[in-house]
Every structure is written in C-alpha cells, then in structure tokens.
Amino acid sequence: MKVAIFPPNSLILADLVERKGHEALALQKEIRKKVIDPEIDSPPFNITEEEPVKGLKYAAIEVPSGVRGRMAIFGPLIDEADAAIIMEEAPYGFGCVGCARTNELSMFYLRKRDIPILELQYPTSREEAIEMVNTVNTFLDELEEKNG
C-alpha cells in the first residue's frame, strides 16, 4: 500500500514504512524527480510553469505562493495515499516542518480522506520511542491484513 507520511520528508517514518513492504509517499522522491529532470537547468529554479497551477487545486489563489508551491508537491502525494502516518509535535530534525500553513492544510486534506490514519505524538523518551515503533509496525501490519 502507499502510505503518506507527515512530516513528508521524515526518513524515520519512510524507513519504517518501507521495511514493512509498503511504499512511503515521501517528499524526497518527488523532489529527486524534479532535480534530475534534464529539462531543468538549475536545481534552485526547479519548478515548472505547471507547478503553481497544480497548487491551485489544493490552495486558493489568495493563499501565499509558498503554500501553493508546497501543495503542488504534497497534494498529489495525499491524493495517492492508501493510508497515512502523522507525527505530531515533531522537532525540526525529525523532518522538515516547513510552513505552518502548509502543514495545517496537508493534515486537513489527509484527515478529510477516507483512509486509515495513525496519529502519533513525537516520543520524548526511549520507552516512548520503542512504543512508537511498535505502534507504527502494528498499524502497517493491520493495513497488510486488510489489503491482503
């Protein structure tokens, strides 16, 4: 199954998802496609004319352009997801927290979808971290059973 992760570039969540045989819908994969595209001359200018238009599907024209730009990438991942894992209160090192408005909009769209969602609080101790990994693994195992 395709599992959206939030924060969308969390290597920890992506790794847990992929170890269980699912596809992590992670930001890194989408950005890689844009950076290695031969039509793009320079990575700092790695958006196409279509990107802002794609973002309008998820955010109104009045929304800041940075939010629309991020949603042009995040939105299709959310649309593609069969399930999602959301980590609340994650520190900067866990994955890009980006723009607060983009995060709120992304979580709104994820929760609006009729898909299984696991919402977790970021662990603050070793015991909580172990419990988090076990909870994620159980969630992913249950997805496989339902899909199976």
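Residues numbered from 1 in each chain as written. Predicted model: local features only at pLDDT ≥ 70, side-chain atom pairs only at ≥ 80, totals over all residues. Heavy atoms only, no water.

Caption draft 1: Quick look at the overall build of the protein. The number of helices and strands found in the protein is 6 helices and 4 strands. Taken from the N to the C terminus, the helices and strands of the protein come in the order β-α-β-α-α-α-β-α-β-α. Of all 148 residues assigned to the protein, the portion counted as buried reaches 40%. For the protein, the share of sequence-separated contacts (at least 6 apart) that also reach a separation of at least 24 residues comes to 65%. For the protein, the exposed area adds up to about 8,800 Å²; of that, 53% sits on carbon and sulfur atoms. (Helix = DSSP H or I, 4+ residues; strand = E, 2+ residues; numbered from the N terminus. Buried < 20%, exposed > 50% of the residue type's maximum accessible area, 1.4 Å probe, protein only. Contact = heavy atoms within 4.5 Å. Areas by Shrake-Rupley, 256 points an atom, 1.4 Å probe, with all protein chains shown as cover.)

Caption draft 2: Highlighting the sheet that holds strand β3 (residues 83-88). If you trace the 4 strands from one edge of the open sheet to the other, you get β2-β1-β3-β4, paired in parallel fashion. Because the sheet does not close on itself, it has two edges, and the strands there are β2 (23-25) and β4 (117-121). Strand-to-strand twist of the sheet, defined as the mean angle between neighbouring strand axes without regard to direction, takes the value 25°. Summarising the sheet, β3 and β4 pair through 5 bridges and their orientation is parallel. Counted as the bridge partner of Glu-88 is Gln-121 from β4. On the sheet, helix α1 (residues 11-19) packs against β1 (2-6), β2 and β3 and is oriented at approximately 160° with respect to β1. (Pairing = 2+ DSSP bridges. Axes fitted to C-alpha atoms, helices over the stretch in contact; angles between N-to-C directions.)

Caption draft 3: Seen up close, the pairing of β1. The buried count for β1 comes to 4 of 5 residues, which makes it a mostly enclosed element. In terms of strand pairing, β1 meets β2 through 3 bridges, oriented parallel. The residue bridging Val-3 from the neighbouring strand is Ala-24, located in β2. One crossover worth recording links β1 to the parallel β2 by way of α1, and it is right-handed. Pairing geometry for β1 and β3, over 4 bridges, is parallel. In the strand pairing of β3, Phe-6 is matched with Ile-86. (Right-handed = clockwise from strand over helix to strand, strands pointing away.)

Caption draft 4: Seen up close, the side chain of Arg-68. Residue placement: Arg-68 occurs in helix α4 (residues 65-80). Buried charged residue Arg-68 carries no salt bridge. Nearest counter-charge: Glu-62, at 7.7 Å. A distance of 2.5 Å separates a polar side-chain atom of Arg-68 from the backbone oxygen of Val-63. In contact with Arg-68, other than residues within four places in its own chain, are Gly-55, Leu-56, Ala-59, Ala-60, Ile-61 and Val-63. (Lys, Arg positive; Asp, Glu negative; His and termini not counted. Salt bridge = Lys/Arg side-chain N within 4 Å of Asp/Glu carboxyl O. Polar contact = N/O pair within 3.5 Å; in protein donor to acceptor, adjacent residues only side chain to side chain.)

Caption draft 5: Main features of helix α5 (residues 100-112). Its 13 residues place the ends of α5 18 Å apart at the C-alpha level, agreeing with the 18 Å of an ideal helix rising 1.5 Å per residue. All buried positions along α5 are accounted for by Thr-102, Asn-103, Leu-105, Ser-106, Met-107, Tyr-109 and Leu-110. Looking at the packing, one finds that the buried side of α5 touches β1, α4, β3 and β4. (Expected span 1.5 Å × (residues − 1).)

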